[in-house]
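Coordinate inspection notes
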Amino acid sequence: MKQFLKITLAVIVGCLITGGIFTFVFFGAVGSLAALGKSQPIMPRSAVLRIDLSAVQLGEQTREMDLLSAVSKDQVSVIGILDATRAIEAAAADPAIKYIYLKPDMVYGGMAEIEELRRALADFRMSGKAVISYIENPSNAGYYLASVSDRIYMTPHAGGMNMLTGISSQMVFVKDILDRLGVNVQLIRHGKYKSAGETFVRSEASRDNLVQNRELIASIWGDWCADIAESRDITVGEFNSAIDNLELNMPEDFLDAGLVDELLTLDELETKLEGYFNAGEGISPAMISLSDYALLNVVPNYRADKRIAVIYATGNIVDGNDDQQVAGDRFVRIISDVRKDENVKAVVFRVNSPGGSVLASEKIRDEIALLAAGKPVIASFGDYAASGGYWISAGCDCIFTNSSTLTGSIGVFSLIPDFSKTLDNLAHINITSVNSNRHSDIYSCLRPLSEKETEYMQAAVEDIYDTFTDIVSEGRGISKEYVDSIAQGRVWSGNDAVRLELADRNGTIMDAVRYAAMASEEDGGSGDLSQWDIVEYPKPLTTLEMLLNTLGGSTSVSVFKDTPFAGAEAAFKNWDYSQSGKVYARMPYEIYIR
């Protein structure tokens, strides 16, 4: 018996040791692989800042490339818009940087991020340095960025894909297929423009939904067209006419329309770039990428005793502690930590969220209110500050928005599907409910709601909508009646939001950071950030954390990527039928522009 126990104990200890060694080797290997792409860049004495948007993706926060993508080279790196704009600002003052070479093809990023990058490039030009662009496959976003340049060159070769055709959004309606399947989705909402849920209960867009989408698209495109026309010294009418009449097909068409300055091959372009670099001495300019330049120049200011905290609320607002969304409990802790940090003198609350859980939104709003009681809290809106995204930020001291930010959507809704006909007619399954009370199975999704139950749900929706309008009225200092008149679930562009008093100023995240610095000083300050350290929350996931999420299956894969269904999938990917009856403050779709 003693021998048996000895052998058993030896096996257990051996397994523990083996497991420990395996774990050590595994994480050591992960660390080694993660370090492969992290060699410190070297800054040339004299260089061109190269911004190749096929090699770097714009995002809200800079993040490490996940390990599997780094090894396979399947994914580009992500640079946060604040890091990108701070790097471009540093380059404007850096005598080593002669000009910016921009390749905007294949740009991928949110509308607000693209708009903020363009503003940073325009500010760079104000320093007296040039921006030179080269395009091969023009797109809406790519050309919008290129249009800010001093010179735009384009390939003379036909065969590139012209996607400069104006912007479009698609609304998907699945009622007909749900009817065939016997699924009855019961939508309870407040707001005639609150079109979340119309996807499931209509075969086509309602009149109000169509009106708001047409006006939204027209407003965003109008702002972009105005910027392009001004930069290229043409009229908005001329630009839209060329697009409407399909006059932009071959590279020569872009040249004839005044949209590019010259058609050049890459070899010919290289000669041009040499000339800009050293006045024709025939020396190829050294290039440094935006990511590398940011790594060298956007660094913590450890000497500063004052901090500006930038809190990024990016993604859907959800309950709990999800580390890849705006999770209520997690963000309450983050905001509380910032509030208690005496070195943090001001806060920029960067909101890029289409909304989600009402409960989580209210938790976050409460914590922001506590934060704002002791420190200036300045909101900066990204692509979305809609529904729950607006709920959490309405009480900030000042709100900056971009022209293209989708703002407002002040309304709420609830979805309760009824699968009874599906089970009966298609699956031939019969369900018998045994309830303790009359309405115990109200959220079972196995029967339609009764009239009294519908009234019950509607009362909850009305109460939450009333709370929402109270929050906006108090936070923005406008009457509740006025809020209701511009609310009703309607989504506005950023420019319209400023006009309607839902936001204070049109500006970038850098504008918000400077304003926060001034707001924290008794005399208003100068907005000079050299004496400040800018600290970001939450910290982006590390390579190891992303790997563990991947191995744990917590990452999601888009089924409908690059299809008309992508926006609807993004809007409802966190909706769980088991939570039927829950009230949401969320936009009904997401919009992508390329």
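Residues numbered from 1 in each chain as written. Predicted model: local features only at pLDDT ≥ 70, side-chain atom pairs only at ≥ 80, totals over all residues. Heavy atoms only, no water.

When you go through the protein chain residue by residue, the secondary structure sums to 22 helices and 22 strands. Split into buried and exposed, the 594 residues of the protein chain put 49% on the buried side. In the protein chain, 75% of the contacts between residues at least 6 apart in sequence involve partners at least 24 apart. About 27,800 Å² of surface is accessible on the protein chain, with carbon and sulfur atoms providing 54% of the total. (Helix = DSSP H or I, 4+ residues; strand = E, 2+ residues; numbered from the N terminus. Buried < 20%, exposed > 50% of the residue type's maximum accessible area, 1.4 Å probe, protein only. Contact = heavy atoms within 4.5 Å. Areas by Shrake-Rupley, 256 points an atom, 1.4 Å probe, with all protein chains shown as cover.)

This next bit is on unusual backbone geometry. With an omega dihedral of -15°, the bond running from Y537 to P538 counts as a cis peptide bond. Here P538 shows up in the loop between β21 (532–537) and α21 (543–551). In the Ramachandran plot, E501 falls in the positive-phi region, its phi being about 75° despite a non-glycine side chain. Residue position: E501 is located in the loop between α19 (494–499) and β20 (505–506). Among the residues examined, E501 registers a relative accessible area of 41% and is labelled partly exposed.

This next bit is on the pattern of salt bridges. Throughout the structure, instances matching the rule amount to 25 salt bridges. Between D261 and R151 there is a salt bridge, with its nearest N and O atoms 3.8 Å apart. Separated by 110 residues along the polypeptide, D261 in the loop between α10 (251–256) and β8 (262–263) and R151 in strand β6 (residues 151–154) bring together distant segments of the chain. A residue is classified by how much of its surface remains accessible, and R151, at 30% relative accessible area, is partly exposed. (Salt bridge = Lys/Arg side-chain N within 4 Å of Asp/Glu carboxyl O.)

What follows deals with helix α12 (residues 290–297). Helical geometry note: an α-helix holds 3.6 residues per turn, so side chains three or four residues apart project in the same direction. By the burial criterion, the buried members of α12 are L290, Y293 and A294. Down the axis of α12, the sector holding all buried residues measures 100°, keeping them to one side. On the buried face of α12, the contacting elements are β1 (47–52), β3 (77–80), α3 (81–93), β4 (97–103) and β9 (287–289). (Arc of directions from axis to C-beta.)

So, about the nonpolar core. Soluble globular proteins tend to pack their nonpolar side chains together in the buried interior. Grouped together as the largest cluster of nonpolar side chains are 77 residues, with contacts concentrated most on L49, I51, I88, L164 and F239. With eight residues, the top contributor of residues to this core is helix α8 (residues 207–232). Contact partners of L164, with chain neighbours within four places excluded, come to P138, S139, N140, Y143, W221, F239, I243, L248, F254 and L259. Counting residues in each nonpolar core, the second largest holds 54 residues, with I311, V483, A503 and V535 among its members. (Core = buried A, V, L, I, M, F, W, Y, C linked by side-chain atoms within 4.5 Å.)

We now examine the side chain of R350. When you line up the elements, R350 lands in strand β13 (residues 344–353). At a separation of 2.7 Å, a polar atom in the side chain of R350 contacts the side chain of E60. (Polar contact = N/O pair within 3.5 Å; in protein donor to acceptor, adjacent residues only side chain to side chain.)

Mean pLDDT for the protein chain: 86, with 82% of residues reaching 70 or above. Contacts from residues 22–27, a stretch scored under 50 in pLDDT, to residues over four places away or in other chains number four contacts. (pLDDT = per-residue confidence, 0-100.)

Moving on: the sheet that holds β8. Sheet architecture is open: six strands sit in the order β8-β6-β5-β4-β1-β9, paired in parallel fashion. At either margin of the open sheet sits one strand with a lone partner, and together these are β8 and β9. Where β1 meets β4, five bridges bridge the pair, whose relative direction is parallel. Paired with D52 across the bridge in β4 is K103. Against the sheet, helix α11 (residues 266–278) makes contact with β1, β4, β5 (130–135), β6, β8 and β9, and its axis sits at roughly 155° relative to β4, the strand it touches most. (Pairing = 2+ DSSP bridges. Axes fitted to C-alpha atoms, helices over the stretch in contact; angles between N-to-C directions.)

The subject of this paragraph is the packing of α3 against helix α4 (residues 111–126). For any two helices packed against each other, one specifies the crossing angle of their axes together with the interaxial distance. Running from amino to carboxyl end, α3 crosses α4 at an angle of 5°, the nearest separation of the two axes being 9 Å. As the angle between them shows, α3 and α4 are arranged roughly parallel. Where α3 abuts α4, its residues I81, T85, I88, A91 and A92 lie against E113, E116, L117, A120, L121 and F124. Class assignment for the residues of the contact of α3 with α4 results in eight nonpolar, one polar and two charged. (Parallel < 35°, antiparallel > 145°, perpendicular 65-115°, else oblique. Nonpolar A, V, L, I, M, F, W, Y, C, P; charged D, E, K, R; others polar.)

Before going further, it helps to spend a moment on the environment of Y134. Looking at the element boundaries, Y134 is found in strand β5. We classify Y134 as buried; its relative accessible area is 1%. Considered as a pair, Y134 and L269 are 135 residues apart in the sequence and their alpha carbons are 8.3 Å apart. Here the side chain of Y134 touches L264 through a polar contact of 2.8 Å, landing on its backbone oxygen.

Here the focus is the environment of Y482. Residue position: Y482 is located in helix α18 (residues 480–486). C-alpha of Y482 to C-alpha of T469: the two residues are 13 residues apart in sequence and 9.4 Å apart in space. Once you skip the residues sitting within four places of it in the chain, Y482 turns out to touch L500 and E501.

Right, let's get into the pairing of β6. For β5 and β6, the ladder comprises four bridges, and the chain directions are parallel. Bridge pairing links I132 to R151 in β6. Regarding topology, helix α5 (residues 140–146) serves as the crossover connection from β5 to the parallel β6, and that connection is right-handed. Relative to β8, β6 runs parallel, the two being bridged by two bridges. Note that in β8 the partner of Y153 across the bridge is E262. (Right-handed = clockwise from strand over helix to strand, strands pointing away.)

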